[in-house]
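# Observations on the model geometry
Below, each chain spelled out in residue letters.
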Amino acid sequence: MRVAVTGANGLLGGEAVARLAGRHQVLALGRGPCRLAPGPYAWAAADLGDGQGVERALVDFRAEAVLHAGAATDVDGCERDPAGAWRVNVGGCEQVARACRALAARLVAVSTDYVFDGLAGPYGEEDVPNPRGAYARTKRCGEEAALLLADDVAVARVAVVYSGRPGAKATFSTQIVEKLTRGEPVKAFADQFVSPTLAANGAAMCLELLLETSFRGVIHASGATVLDRVDFARRVARRFGLSGEIIPVRTSEVKLPAPRPLRAGLKVEKIAALLREQPLPVDAAIDRFHAEWLQRRP
Ligand SMILES: NC(=O)c1ccc[n+]([C@@H]2O[C@H](COP(=O)([O-])OP(=O)(O)OC[C@H]3O[C@@H](n4cnc5c(N)ncnc54)[C@H](OP(=O)(O)O)[C@@H]3O)[C@@H](O)[C@H]2O)c1
């Protein structure tokens, strides 16, 4: 099958390409040069924000299935540049969805728990979004663009994505390990409740959803456990055998450009009932994160 992945240099997209390569004919789409390990896939540089590059690449490839994992994910960066966030997160979804409709290709568009305001999480798929801030609002509009413009489409929401894979970008999780290893304290938000999603688990769920189901509509594809970030940091530290200080802070104590949902988190019963790949409980996910980390060279 001809399968395309956008955001292929990213946490989720990179995992997806690694899983697909060798099993399908794969087009990995990203911004600029490829930063993935070499493998049996084709690479194309295309900008989600230019209104046409990604659409053209997908049509030229004659994609049969597309995992749309590319997005402007810097939440505070989006707040500073809402027009840019709109171009990439809404315009990018439009491009991908238009191509999928033209090709009769199946689409899974990845979204976020940030579509909710975080007043009453964890949230189920039937809860009504109320996004706050530019990232959240553009992601929510991207969901609608995908659902409206593509025909065979699912929106898969994930949350706080992390990976220990060699070359994967730095996240809160990798900072916990790196800072504690250096003997530095780690600050963590005690009042942010989240559903951390190991990229490998999230990518596997998204690909099964894409290639092995005909589910249409919105579904939650995060990790299985909702917890606060201090609890998460302590569990990571314990698994890595790291002692050191984890300092609880409140979100209101830190001046951040974009609002953060506090009581967020996603309910995942629906996807658990649908797929073989199960949303991982947090300690099982951290075990896999640890195993990924051990593959990194010192
Ligand atoms: N990361 C999280 O904590 C999180 C939480 C909830 C939902 N999500 C959603 O999950 C999906 C996957 O994100 P991720 O976690 O894999 O984040 P990520 O690592 O930041 O991946 C996003 C990818 O999109 C690419 N991209 C950004 N702007 C682009 C543009 N104009 N043209 C082409 N590519 C562009 C980035 O390229 P570069 O690598 O060159 O920057 C990056 O590789 C996204 O839909 C995101 O909104 C993520």
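Refer to the structure above for everything that follows.
As a starting point, this report considers the structure included with it. Model, not experiment: these values are computed from the prediction. (Residues numbered from 1 in each chain as written. Predicted model: local features only at pLDDT ≥ 70, side-chain atom pairs only at ≥ 80, totals over all residues. Heavy atoms only, no water.)

### Observations regarding the site of the ligand
Taken together, 26 residues surround the ligand, and among them Arg31, Arg35, Thr73, Tyr135 and Lys139 come closest. The contact in question runs from an oxygen atom of the ligand to an N or O atom on the side chain of Arg31, over 2.7 Å. Interatomic distance of 2.6 Å between a side-chain N/O atom of Arg35 and an oxygen atom of the ligand. Out of a free accessible area of 880 Å², the ligand has 88% covered by protein chains. Where the shell around the ligand is concerned, the elements lending two or more residues are α1 (11–20), β5 (106–112) and α6 (134–149). By residue number, the principal contributor to the shell around the ligand is β5, which donates three residues. Here the shell around the ligand is composed, by residue class, of 13 nonpolar, eight polar and five charged. (Near = heavy atom within 4 Å. Polar contact = N/O pair within 3.5 Å; in protein donor to acceptor, adjacent residues only side chain to side chain. Areas by Shrake-Rupley, 256 points an atom, 1.4 Å probe, with all protein chains shown as cover. Helix = DSSP H or I, 4+ residues; strand = E, 2+ residues; numbered from the N terminus. Nonpolar A, V, L, I, M, F, W, Y, C, P; charged D, E, K, R; others polar.)

### Quick look at the environment of Ala83
Tracing the sequence through the fold places Ala83 in helix α4 (residues 82–89). Sequence separation of Ala83 and Arg276 is 193 residues, and the distance between their C-alpha atoms is 39 Å.

### A short note on the pattern of salt bridges
Under the definition given, this model contains 16 salt bridges. When the shortest N-O distance is used, the salt bridge between Arg165 and Glu15 registers 3.2 Å. In this pair, Arg165 sits in the loop between β7 (161–162) and α7 (172–181) while Glu15 sits in helix α1, placing the two residues 150 residues apart along the sequence. Overall, Glu15 belongs to the buried group, its relative accessible area being 8%. A salt bridge links Asp231 to Arg235; its shortest N-O distance comes to 2.8 Å. Within this pair, Asp231 and its partner Arg235 are both found in helix α9 (residues 229–239), separated by four residues, close to a single helical turn. With relative accessibility at 27%, the residue Asp231 sits in the partly exposed group. (Salt bridge = Lys/Arg side-chain N within 4 Å of Asp/Glu carboxyl O. Buried < 20%, exposed > 50% of the residue type's maximum accessible area, 1.4 Å probe, protein only.)

### Description of the packing of α1 against helix α8 (residues 199–212)
Between α1 and α8, the shortest axis-to-axis distance is 8 Å and the interhelical angle comes to 60°. Judged by the inter-axis angle, α1 sits oblique to α8. In this structure, α1 meets α8 at a crossing whose hand is right-handed. Here α1 contributes Leu11, Leu12, Glu15, Ala16, Arg19 and Leu20 to the contact with α8, which in turn contributes Ala199, Ala200, Gly202, Ala203, Ala204, Cys206, Leu207 and Leu211. Across the contact of α1 with α8, the residue classes tally to 11 nonpolar, one polar and two charged. (Axes fitted to C-alpha atoms, helices over the stretch in contact; angles between N-to-C directions. Parallel < 35°, antiparallel > 145°, perpendicular 65-115°, else oblique. Left-handed = near helix turned anticlockwise from the far one by under 90°. Contact = heavy atoms within 4.5 Å.)

### Some details on the sheet that holds β5
Strands sit in the order β3-β2-β1-β4-β5-β6-β11 across an open sheet of seven strands; the sheet is parallel. Lying at the two open borders of the sheet, with one neighbouring strand each, are β3 (42–45) and β11 (217–220). Neighbour-to-neighbour, the strand axes of this sheet turn through a mean angle of 20°, independent of strand direction. Both strand β1 (residues 2–6) and strand β2 (residues 25–30) contribute to a ladder of four bridges, which runs parallel. (Pairing = 2+ DSSP bridges.)

### A few points about unusual backbone geometry
For the peptide bond that leads from Gly121 to Pro122, omega is 0°, which places it in the cis range. Mapping Pro122 onto the fold places it in the loop between β5 and α6. The residue Arg62 is not glycine, and still its phi comes out positive at about 55°. Even without a glycine there, the phi angle at Val160 is positive, about 35°. Examined against the element boundaries, Val160 turns out to sit in the loop between β6 (153–158) and β7. A relative accessible area of 22% places Val160 in the partly exposed class.

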